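Examination of the molecular architecture
The residues making up each chain are set out below.
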Amino acid sequence: MSNPFAFLGLQIGAQEADRRAVSRFDESRRDNREQDLDMDKQGSEYNHSGHEELIPGIPGWVPGMPAGPIGDPMLMAAYGGFNPQFGFIPPGPPGPPGPPGGLAPSQKEIIHCKECTLFPPNPNAPLPSTRERPPGCRTIFVGGLPDKITEEMVDDVFGRCGPIVSVRMSKKNFCHIRYEAETIDNEVWMRLGENYIGYNVFVNRSLDLSGYRIRIGSNTDHEYTGRLHVDFAQARDDLYEWECAQRAVMREMRHRQRMEQDRLRPPSPPPVIHYSEHEATMVGEQLKTDAFYKASTLVIQWLERGDCNRRTATTFYHMIQTTNSHVRRLMNEKQGFEQEAAEFKEKMKQRMQCLLTEFDQIDRVFSASCKQRAWDHFSKAQRKNIDLWRKQCQEIKASNLEEFLSDRQEDEMEMSDSEEAASAPKRQKTEENLVTQAQMHAQTMQLHNLREDNDQLTCQVDAYKNENEVLKSEHTEAMTYKDNQLRTIQAAMEAMQKQMLEDQQKLKDTLEQMEKVPLLEP
């Protein structure tokens with residue numbers, strides 16, 4: 001637990017610092033009265049210029065960016081530092097904060113709230129001084145407030161920087177504001193919207209308002225104006241929650257270390273069960289069930305350790321006898337498996353024979369389609385596809401037949417030695433018959449294939465002949481048509497030449513007659 005006297009000292013120090021801050025800003029309010037009048041003029045001119053309300057000096061940022069590596073022990077060495085008293089300290093501005101995002105003070109603008117207006121400080125004025133930020137600080141001190149300000153106005157002004165949990169007002173023109181969280185995460189940002197885009201730390205955004213002059217309404221009296229001073233505040237609740245968070249981080253680190261050690265630790269061997277009458281009885285029952293392997297392993301361990309003596313020999317004999325009975329059970333199971341395998345092989349033979357019969361039927365269909373009577377009615381593309389299908393069917397049929405014959409030979413070769421010696425001549429004859437049948441079947445298939453190829457070639461020759469005759473007839477008709485056209489053109493040319501000669505003779509006669517006619521004298 002934390003020391004209660006330490007918390008009491010922190011509280012007394014915070015109260016003393018607040019009193020000093022109040023007195024210091026009362027003096028600054030009296031010294032800067034002339035500057036306030038100049039800012040009133042500037043604010044009246046700015047109100048009529050139509051500018052939008054802006055949060056002063058807010059740089060761009062990535063929404064949901066974590067402010068520190070709290071919760072990730074691997075990044076604790078890269079960010080911040082480690083304090084033996086407080087644990088991990090997240091990064092933050094330890095001293096007086098500068099302009100946010102490196103912006104110049106001249107870029108700060110007037111902020112319009114519902115019932116009050118904030119005027120930025122003089123750009124040439126020095127930056128306000130702040131104390132060192134306490135660890136886990138979520139509470140700020142705000143001094144220099146007007147006398148007529150209310151809690152709703154304070155919430156409206158500083159609520160722009162982040163969600164506020166509580167506001168503690170004082171009668172001496174100052175207050176303490178506590179924010180919901182020290183940093184903003186994705187969930188908070190999605191809930192609040194784009195109005196809270198800015199620094200990850202809410203308190204740092206509130207410090208940007210330090211030095212602003214606040215005015216309630218349009219009244220310039222002393223009770224309605226003031227100059228804000230924002231500083232870090234030492235709150236016992238913040239420090240307690242921060243210490244709880246650090247303890248949670250350290251617990252998480254220890255848990256991860258234990259998990260890693262457990263993962264790297266080699267597995268321990270299984271426990272050894274010592275011999276007893278009760279255990280021996282249970283093992284004897286397990287030897288009769290499916291847990292035979294585990295029970296037999298335990299019996300082997302007992303025998304190797306020397307647990308078998310004159311007193312326990314009878315019990316071990318019964319366990320060994322039970323183990324021997326397991327042999328008969330295994331032989332019965334093997335016989336059942338062999339019967340199932342034989343039935344399966346018989347079913348497979350029957351199905352293979354059915355498949356070969358269907359392949360023969362398919363081959364007959366292709367053979368019938370390749371005959372001259374049906375082949376001439378198919379187009380070239382159809383004939384090509386039929387030939388391709390037929391070859392594929394024949395290849396598949398041949399491979400399945402070879403596989404079926406090889407399986408039969410393997411089944412016949414699995415006979416025992418006694419059966420093999422007794423049926424050697426029969427097996428030899430069977431093998432010879434099978435070889436002869438296979439050869440005859442291969443020759444028959446070859447002859448059938450040759451016949452089909454011959455029929456196919458004959459069909460192709462007849463088709464080529466028919467196509468040749470058709471082309472010849474078409475060519476003869478085209479030549480006859482061209483000859484007729486040529487003769488017609490020649491006759492027309494001859495008629496035109498004859499007509500031209502007649503016209504020339506008529507013209508010549510006309511010229512001669514004209515020459516014979518005498519010319520009339522004038």
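On a predicted model such as this, the values are computed, not experimentally measured, just so you know.

Glancing now at helix α9 (residues 313-369). Relative to the 84 Å expected for 57 residues at 1.5 Å per residue, α9 spans 84 Å between its end C-alpha atoms, a close match to the ideal helical length. Listing the buried residues of α9 in full gives Phe-316, Met-319, Thr-322, His-326, Met-352, Leu-356, Phe-359, Asp-363, Phe-366, Ser-367 and Ser-369.

The next subject is the pattern of salt bridges. A full pass over the atoms with the stated rule returns eleven salt bridges. One salt bridge connects Glu-223 with Lys-148, and the closest N-O pair in it is separated by 3.9 Å. Of this pair, Glu-223 sits in the loop between β8 (213-216) and β9 (225-227) while Lys-148 sits in the loop between β5 (139-143) and α3 (151-158); the two residues are 75 residues apart in sequence, bridging distant segments of the chain. Note that Arg-178 and Glu-241 form a salt bridge whose closest N and O atoms lie 3.0 Å from each other. Highlighted residues: Arg-178 in strand β7 (residues 174-179) and Glu-241 in helix α6 (residues 236-264), separated in sequence by 63 residues.

Residues Ile-489, Met-493 and Met-496 make up a contiguous nonpolar surface patch of roughly 320 Å² in combined accessible area. Topologically, Met-496 is positioned in helix α13 (residues 424-516). Assessed through its relative accessible area of 54%, Met-496 is described here as exposed.

Okay, the nonpolar core next. Core analysis: the largest hydrophobic core is formed by 28 residues, its most contacted members being Leu-118, Ile-140, Val-142, Phe-158, Ile-177 and Tyr-179. With four residues, α3 is the largest single contributor of residues to this core. Core analysis: the next-biggest nonpolar cluster, separate from the first, contains eleven residues, Ala-280, Leu-287, Trp-302 and Met-319 among them.

Attention now moves to the sheet that holds β7. Read from one edge to the other, the open sheet built from four strands follows the order β6-β7-β5-β10, with strand pairing classed as antiparallel. Of all strands in the sheet, those bounded by a partner on one side alone are β6 (164-169) and β10 (229-232). Pairs of neighbouring strands in the sheet enclose a mean axial angle of 20°, with direction left out of account. Set on the sheet, α3 makes contact with β5, β6, β7 and β10; between it and β6 the angle comes to about 135°.

To continue, consider the side chain of Asp-156. Structurally, the position occupied by Asp-156 is in helix α3. This buried residue, Asp-156, is left without a salt bridge; Arg-160 holds the nearest opposite charge, at 4.6 Å. Looking at Asp-156, its side chain comes within polar contact range of the main-chain nitrogen of Lys-114, at 3.0 Å. Setting aside residues up to four positions removed in sequence, Asp-156 forms contacts with Cys-113, Lys-114 and Glu-115.

On to the packing of helix α7 (residues 277-286) against helix α8 (residues 292-305). Relative orientation of the contacting elements α7 and α8 amounts to 140°, with a least axis distance of 8 Å. Between α7 and α8, the interaxial angle falls into the category oblique. Both α7 and α8 take part in a crossing whose hand is left-handed. Facing Glu-279, Ala-280, Val-283 and Gln-286 of α7, the residues of α8 in contact are Phe-292, Ala-295, Leu-298, Val-299 and Trp-302. The residue makeup of the contact of α7 with α8, split by class, is seven nonpolar, one polar and one charged.

Where like charges cluster on the molecular surface, the negative patch consists of Glu-115, Glu-151, Glu-152 and Asp-155. You can see Glu-151 is positioned in helix α3.

Let us look at the packing of aromatic side chains. The tally for this structure, following the rule as stated, stands at four aromatic pairs. When the centroid spacing of 5.3 Å and the interplanar angle of 20° are considered together, the rings of Tyr-275 and Phe-316 count as stacked. Of this pair, Tyr-275 sits in the loop between α6 and α7 while Phe-316 is found in helix α9, placing the two residues 41 residues apart along the sequence. The class of Tyr-275 is buried, set by a relative accessible area of 18%.

Thresholds, definitions, all that
Residues numbered from 1 in each chain as written. Predicted model: local features only at pLDDT ≥ 70, side-chain atom pairs only at ≥ 80, totals over all residues. Heavy atoms only, no water. Helix = DSSP H or I, 4+ residues; strand = E, 2+ residues; numbered from the N terminus. Expected span 1.5 Å × (residues − 1). Buried < 20%, exposed > 50% of the residue type's maximum accessible area, 1.4 Å probe, protein only. Salt bridge = Lys/Arg side-chain N within 4 Å of Asp/Glu carboxyl O. Patch = residues over 30% accessible without salt bridge, like charges linked within 9 Å, V, L, I, M, F, W, Y side chains within 5 Å. Areas by Shrake-Rupley, 256 points an atom, 1.4 Å probe, with all protein chains shown as cover. Core = buried A, V, L, I, M, F, W, Y, C linked by side-chain atoms within 4.5 Å. Pairing = 2+ DSSP bridges. Axes fitted to C-alpha atoms, helices over the stretch in contact; angles between N-to-C directions. Contact = heavy atoms within 4.5 Å. Lys, Arg positive; Asp, Glu negative; His and termini not counted. Polar contact = N/O pair within 3.5 Å; in protein donor to acceptor, adjacent residues only side chain to side chain. Parallel < 35°, antiparallel > 145°, perpendicular 65-115°, else oblique. Left-handed = near helix turned anticlockwise from the far one by under 90°. Nonpolar A, V, L, I, M, F, W, Y, C, P; charged D, E, K, R; others polar. Charge placed at Lys NZ, Arg CZ, Asp CG, Glu CD. Phe/Tyr/Trp six-rings, centres within 6.5 Å; stacked < 30°, edge-to-face > 60°.

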